[in-house]
Amino acid sequence: MSSTAFAGKLVVGTDTNFPPFEFKDPDSGKHTGFDVELWDAIAKEIGAEYDLQPMDFNGIIPGLQTGQLDAGIAGMTIKPERAEVIDFSDGYYNSGLLILVRSDNEDVNKIEDLAGKVVSTKLATTSADLVKERANAKDVKLFPNNDAMFMELLSGGADAVVFDSPVVADFMRKAGKGQVKVVGPLYHGQAYGIGFPKGSPLVAKVNAALKSLKDSGKYRDLYIKWFGTEP
Ligand code: GLN
């Protein structure tokens, strides 16, 4: 663990912008969202103080590996390759990946239709993996953050974005309204977990806290607040 061992203040990495899980509240200038409030509830349960450190997603796993971060909550998918280098909590959200195109696009209806196209997605994510494995794209543009990734689609620099379903849904509702549409099925069902340095004593404590937040109804309240549906 880093110098901020459990006894002191934990350093907790999160993505700069992955709404509705984490994003900067325009009024307060502070980060908020489902992940941020879930972590705050967990920290209260385990009696930990922490500093939240928003960063590009691709810095979080290296930050955990080097012990610069004590935990990372960033809509991070639990997957075997990652579990070799960091530890994960139990899953706390079931997700998947979607294809997003401009509303006037008529020729992309599934991942295979991205053959020969330009695809925009985020660096070091499960979407980048899916595109590499299945899309046979002409060009895959990998951006460090959501804004640049979505902007590339709106500006015509890419034919499609492939990204996490709840974040695509949030973008559709807000910025992309009327300009974009989702096509095809939900790909790669996946669970998000909280990441820790290998061997961290926090894993068991956080899993116990997650369980008690589920039992008490607090998890459900947060879920409904941020996603508008029952877990
Ligand atoms: N769920 C995706 C992954 O873990 C994307 C996470 C993110 O961009 N914050 O690869």
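> So what's going on with the side chain of asparagine 146? Residues and values would help.
For asparagine 146, the position within the fold is in helix H5 (residues 146-154). Not counting chain neighbours up to four residues away, the residues in contact with asparagine 146 comprise Asn17, Phe18, Pro19, Lys122, Phe163 and Val167.

> Let's hear about the domain arrangement of the protein: which residues, and what values?
Examined at the domain level, the protein breaks down into domain 1 (9-92 + 193-227) and domain 2 (95-189). Relative to domain 2, the C-alpha centre of domain 1 lies at a distance of 25 Å. The partner domain 2 presents 16 residues to the 14 residues of domain 1 that form the contact. When domain 1 packs against domain 2, close to 1,100 Å² is buried across both sides, 52% of that on carbon and sulfur atoms. Between the two partners, domain 1 and domain 2, sit two salt bridges. The partner of aspartate 15 in a salt bridge is lysine 122, and the shortest N-O contact between them spans 2.6 Å. Considered class by class, the residues forming the side of domain 1 that touches domain 2 number five nonpolar, five polar and four charged.

Reading the values: the criteria
- Residues numbered from 1 in each chain as written.
- Predicted model: local features only at pLDDT ≥ 70, side-chain atom pairs only at ≥ 80, totals over all residues.
- Heavy atoms only, no water.
- Helix = DSSP H or I, 4+ residues; strand = E, 2+ residues; numbered from the N terminus.
- Contact = heavy atoms within 4.5 Å.
- Domains from an automatic or database assignment.
- Buried area = accessible area lost by both parts, 1.4 Å probe.
- Salt bridge = Lys/Arg side-chain N within 4 Å of Asp/Glu carboxyl O.
- Nonpolar A, V, L, I, M, F, W, Y, C, P; charged D, E, K, R; others polar.

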